[in-house]
Amino acid sequence: MLRHGPRNLITDVDGILVGNAADERLRSGVSVVLCEQPAVASVDVRGGAPGTRETDLLDPSCRVDRVDAICLSGGSAFGLSSADGVMRWLRDRGRGVAIADIVVPIVPAAILFDLLNGGDKQWDWPPYRELGFAAADQAARDFGLGNEGAGLGAKAGNLKGGLGSASAVDPVTGLQVGALVAVNARGYTTMGDMPQFWAWALEQGREFGGLPPPARGLGLAIPHDRADLTHDPADAVRSDPRANTTIAVVATNARLDKASAKRLAVMAQDGLVRAIRPVHTPQDGDTVFAIATGHHDLGDDALALAELGTLAADCLARAVARGVFHAKTLGAASSWRDRFGR
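Small disclaimer: the values here were computed from a predicted structure and weren't measured.

**Details of the overall build of the chain**
Next, step 1: Within the chain one finds five helices and 13 strands.
Next, step 2: Taken against the 2.2 N^0.38 rule, which gives 20 Å for 342 residues, the C-alpha radius of gyration of the chain at 19 Å falls within 12% of a compact globule.
Next, step 3: Summarising its shape, the C-alpha atoms of the chain cover approximately 60 × 50 × 30 Å along the three principal directions.
Next, step 4: The burial tally for the chain puts 59% of its 342 residues in the buried class.

Below is the structure:
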């Protein structure tokens, strides 16, 4: 297993920056994955209730094969306007597809549902365009996890969700893989009533607590009560089964075509399977984008793409756990640390 990079963030991948912007009053925010140069990208959507923008463009059969940025936003369908702000930021800098004397930035986006988390959502106009612009303007190598960007208002089963990231790098070959995720899942990220994450076996170091192995057979059952998402009656409104979705980006410095980027996104979805139970439900809009910056040649190894997809899935599973591990209690949504006293 490859070790994580110096930041243990998706920005350990050459050519990738991340910016976050959030509004505490709204309890919502936006995260932007900014490509320093246009990058090959594709997407895989598995949830039954997705909210997306420009995903058809990422089909390998479609003409445009590179993106300038990818936007992850709270706000449900209102949050899709966050991409407008990112496009404005990019256009101001001359970034995008040139058509005659017009430049059109390419910014696919996906959203999660955080409208019932107690924040003030009684806006005249949705604030996500401005949040998208601000997030793009903050894009950098280093960024926070947990209650940041699109993860601010997120929940994950019975815990506060959040923004997570992880990486894996090979110092010998130079291969780099990373993941960014906003965890707002219907399912659980921990093993029943125990503090261990479902992604426990993939942990590197103490990146999400360094807990001992879970006791065999103890506390692994997931509550059967559909309303029991928080153990807090005051937060019952948030247990609406439609109020979910985990959205993510995996990135690599490998040189891939669009079809291979699609396969990378498909395989990366397995990271959600390893970290969230259940996942890809009819009420979730689970979506994973894949970006390839093209700085590293995989060569002629027929198994290289399969190995790359496995690494991406592992990174995404670790990122899910890190997003919940670093989250802080917000309103009635209890954090992992407060719930388990760690």
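After presenting the structure, the write-up continues.
**Digging into the environment of valine 32**
Next, step 1: Mapped onto the secondary structure, valine 32 falls in strand β2 (residues 28-45).
Next, step 2: We classify valine 32 as buried; its relative accessible area is 0%.
Next, step 3: Counting along the chain gives 107 residues from valine 32 to alanine 139, while the straight-line C-alpha distance between them is 7.4 Å.
Next, step 4: Those residues within four positions of valine 32 in sequence are excluded, and the remaining contacts are Leu17, Val18, Gly19, Ala69, Ile70, Cys71, Val86, Gly132, Ala135 and Ala136.

**Brief notes about the packing of helix α1 (residues 82-91) against helix α2 (residues 128-137)**
Next, step 1: Contact pair α1 / α2: the axes reach a minimum separation of 6 Å and the direction vectors enclose 45°. One way to sum up the angle between α1 and α2 is to call them oblique. As α1 runs across α2, the sense of the crossing is right-handed. Between α1 and α2, the residues in contact are Ser82, Asp84, Gly85, Val86, Arg88 and Trp89 and Tyr128, Arg129, Gly132, Phe133, Ala136 and Asp137, respectively.

**A short note on the pattern of salt bridges**
Next, step 1: Scanning the model with the defined rule gives 15 salt bridges in all.
Next, step 2: Among the salt bridges present, the one from glutamate 36 reaches arginine 141, with a minimum N-O distance of 3.0 Å. Of this pair, glutamate 36 sits in strand β2 while arginine 141 is found in the loop between α2 and β8 (155-156), placing the two residues 105 residues apart along the sequence.
Next, step 3: On the accessibility criterion, glutamate 36 (35% relative accessible area) is partly exposed.
Next, step 4: Since its relative accessible area comes to 27%, arginine 141 is described here as partly exposed.

**Points about α1**
Next, step 1: Along α1, the residues classified as buried are Ser82, Ala83, Gly85, Val86, Trp89 and Leu90. Relative to the axis of α1, the buried residues are bounded by an arc of 155° and lie together on one face.
Next, step 2: In this structure, the buried side of α1 is in contact with β2, β3 (52-53), β4 (66-73), β7 (109-111) and α2.

**Here we look at the packing of aromatic side chains**
Next, step 1: Per the stated rule, a full pass over the model turns up six aromatic pairs.
Next, step 2: Measuring from ring centre to ring centre gives 5.7 Å for tryptophan 123 and tyrosine 128, while their planes differ by 90°; the resulting arrangement is edge-to-face. In this pair, the class of tryptophan 123 matches that of tyrosine 128, namely buried.
Next, step 3: Residues phenylalanine 197 and tryptophan 336 carry aromatic rings whose centres are separated by 5.5 Å and whose planes lie at 20° to one another, so their mutual orientation is stacked. Of this pair, phenylalanine 197 sits in the loop between β11 (176-183) and β12 (247-254) while tryptophan 336 sits in helix α5 (residues 336-340), and the two are 139 residues apart along the sequence.

**Some words on unusual backbone geometry**
Next, step 1: Following arginine 277, the chain continues into proline 278 via a peptide bond in cis, with omega recorded as -5°.
Next, step 2: Position of proline 278 among the secondary structure elements: in the loop between α3 (258-275) and β13 (287-296).
Next, step 3: Its identity as a non-glycine residue notwithstanding, alanine 100 has a phi of 55°, on the positive side.
Next, step 4: Positionally, alanine 100 belongs in the loop between β5 (97-99) and β6 (102-104).
Next, step 5: Among the residues examined, alanine 100 registers a relative accessible area of 77% and is labelled exposed.
Next, step 6: Positive phi outside glycine occurs at histidine 280, with the angle close to 60°.
Next, step 7: Tracing the sequence through the fold places histidine 280 in the loop between α3 and β13.
Next, step 8: Residue class for histidine 280 comes out partly exposed when judged on its relative accessible area of 22%.

**Some thoughts on the pairing of β11**
For a regular strand, side-chain orientation follows a simple rule: the groups alternate between the two sheet faces.
Next, step 1: Judged by how many residues are buried, β11 sits mostly within the fold: eight of eight residues are covered.
Next, step 2: Of the strand pairs in this sheet, strand β10 (residues 162-169) and β11 are connected by eight bridges, and their pairing is antiparallel. Considered in β11, the bridge of glycine 164 is made with valine 181.
Next, step 3: With antiparallel pairing between neighbouring strands as the criterion, β10 and β11 make up a hairpin whose turn holds six residues, including glycine 174 at a positive phi of roughly 90°.
Next, step 4: Relative to β12, β11 runs antiparallel, the two being bridged by six bridges. The partner of valine 177 across the bridge, within β12, is threonine 252.

Thresholds, definitions, all that
- Note that residues are indexed from 1 along each chain, following the sequence as it is written.
- Per-residue local features are limited, in this predicted model, to residues with pLDDT of at least 70; the limit for side-chain atom pairs, both in listing and counting, is 80 or more; totals at the level of whole chains, interfaces and linings are taken over all residues.
- Neither water nor hydrogens contribute to the side-chain values; these are computed over all heavy atoms in the structure.
- By the criteria applied, helices consist of DSSP H or I runs no shorter than four residues and strands consist of E runs no shorter than two, each listed in order from the N terminus.
- Every radius of gyration here is taken over C-alpha atoms, with the globule rule written as 2.2 Å times N^0.38, N being the number of residues.
- Only protein chains enter the accessibility calculation, which uses a 1.4 Å probe; a residue whose area is less than 20% of its type maximum is buried, one above 50% is exposed, and one in between is partly exposed.
- The contact definition used throughout considers only heavy atoms, calling two residues in contact when any of these lie within 4.5 Å.
- All axes are obtained by fitting lines to C-alpha atoms, using only the stretch in contact for helices, and the reported angles, taken between N-to-C directions, cover 0 to 180 degrees.
- Note on angle classes: values under 35 degrees are labelled roughly parallel, values over 145 roughly antiparallel, values of 65 to 115 roughly perpendicular, and the remainder oblique.
- By convention, the crossing between two helices is left-handed when the near helix turns anticlockwise from the far helix through less than a right angle, and right-handed when the turn is clockwise.
- Whenever Lys or Arg places a side-chain nitrogen within 4 Å of a carboxyl oxygen from Asp or Glu, that contact is recorded as a salt bridge.
- Throughout, the arc means that of the directions going from the helix axis to the C-beta atoms.
- We call Phe, Tyr and Trp rings a pair once their centres come within 6.5 Å, taking the six-membered ring for Trp, and we label the pair stacked below 30 degrees between planes, edge-to-face above 60, and tilted otherwise.
- For two strands to count as paired, DSSP must find a minimum of two bridges between them.

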